[in-house]
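This is what each chain is made of:
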Amino acid sequence: MLNLVLFGPPGAGKGTQSQNLIEKYGLIHLSTGDLLRNEISQGTVLGLEAKKLMDQGILVPDAVVIGMISNKLDANKDAKGFIFDGFPRTVAQAEALDELLKTKNSAISVMIALEVNDEELERRLLLRGKDSGRPDDANPEVIRKRIKEYNDKTAPVAGFYKAQNKFKSVSGIGSIGEIFDSISAVISNL
Ligand code: ADP
């Protein structure tokens with residue numbers, strides 16, 4: 001199985017690159033952000049609780065997202081592989097993901113980190129907020145909180161994969177095609 005963790009701060013371009021990767025490699029895309037927004041639009045209890053945190057730019061509890069990912073892995077038993085987008089976002093989530101994959105005799109193949117500087121991120125997110133309709137993209141204070149959550153809780157996840165020799169980084173600045181070529185080069189060298 002080809003199991004990719006696409007890593008990077010909010011606005012790094014993980015969603016855009018995921019779309020290209022799904023087409024090229026036939027992988028299943030698991031975005032915890034999309035799964036949570038789906039719960040919100042369906043008005044579930046989980047969605048209502050998650051929305052309160054997401055609208056403030058705060059991470060939702062580990063147990064919630066781990067449960068969602070576990071369900072999706074079970075629902076896609078015959079998949080060729082997965083792209084994890086926006087997950088794991090804490091070291092506890094990364095540990096739980098390793099355990100979940102182990103029960104399926106599988107493992108993460110590689111983490112690919114998209115590197116983008118903070119000013120460019122803020123600019124992209126405010127731009128996206130104009131038409132995404134996402135409440136967490138519309139407010140500069142919430143965007144800064146998301147970047148802070150990323151630096152405090154998510155950035156350490158890179159160290160988790162570095163320790164397993166599974167960390168690769170590519171520049172997230174340039175055209176969508178150029179960035180995709182860099183990601184594809186990492187995958188073909190696995
Ligand atoms: P972005 O990466 O652009 O901020 P996402 O759609 O991945 O957007 O996530 C939006 C929000 O959903 C996050 O700010 C957080 O509140 C919540 N969220 C998404 N994934 C996770 C996760 N793995 N753990 C905790 N919270 C998450």
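Preceding block: the structure.
This report concerns the structure included in the present document. (Residues numbered from 1 in each chain as written. Predicted model: local features only at pLDDT ≥ 70, side-chain atom pairs only at ≥ 80, totals over all residues. Heavy atoms only, no water.)

### So, the packing of aromatic side chains
Next up, step 1: Tallied over the entire structure, the rule returns four aromatic pairs.
Next up, step 2: Relative to Y150, the ring of F7 has its centre 5.8 Å away and its plane inclined at 40 degrees; by these criteria the two rings are tilted. With F7 in strand β1 (residues 2-7) and Y150 in helix α8 (residues 140-154), this pair connects stretches of sequence that are 143 residues apart. Here F7 matches Y150 in class, with each residue buried.
Next up, step 3: Taken together, a centroid distance of 6.5 Å and an interplanar angle of 45 degrees make the contact between F84 and F87 tilted. (Phe/Tyr/Trp six-rings, centres within 6.5 Å; stacked < 30°, edge-to-face > 60°. Helix = DSSP H or I, 4+ residues; strand = E, 2+ residues; numbered from the N terminus. Buried < 20%, exposed > 50% of the residue type's maximum accessible area, 1.4 Å probe, protein only.)

### Some points on the site of the ligand
Next up, step 1: In the vicinity of the ligand, 19 residues are found, and the nearest of them are T32, R37, I58, Q93 and R146.
Next up, step 2: In the model, a nitrogen atom of the ligand is placed 3.0 Å from a nitrogen or oxygen of the V60 main chain.
Next up, step 3: Contacts to the ligand include R89, whose side-chain N or O atom sits 3.0 Å from an oxygen atom.
Next up, step 4: A total of 540 Å² of accessible area belongs to the ligand in isolation, and the protein chains cover 96% of it.
Next up, step 5: More than half of the atoms of the ligand fall within 2 Å of the grid points belonging to the largest pocket.
Next up, step 6: The element contributing the most residues to the shell around the ligand is helix α2 (residues 32-41), with four residues.
Next up, step 7: Looking at the shell around the ligand, its residues break down into eight nonpolar, four polar and seven charged. (Near = heavy atom within 4 Å. Polar contact = N/O pair within 3.5 Å; in protein donor to acceptor, adjacent residues only side chain to side chain. Areas by Shrake-Rupley, 256 points an atom, 1.4 Å probe, with all protein chains shown as cover. 1 Å grid on protein atoms, 1.4 Å probe; cavity = no way out; pocket = protein on both sides within 12 Å on 5 of 7 lines; lining within 4 Å. Sits in = over half its atoms within 2 Å of the grid points. Nonpolar A, V, L, I, M, F, W, Y, C, P; charged D, E, K, R; others polar.)

Any link to function would need more than the numbers given here.
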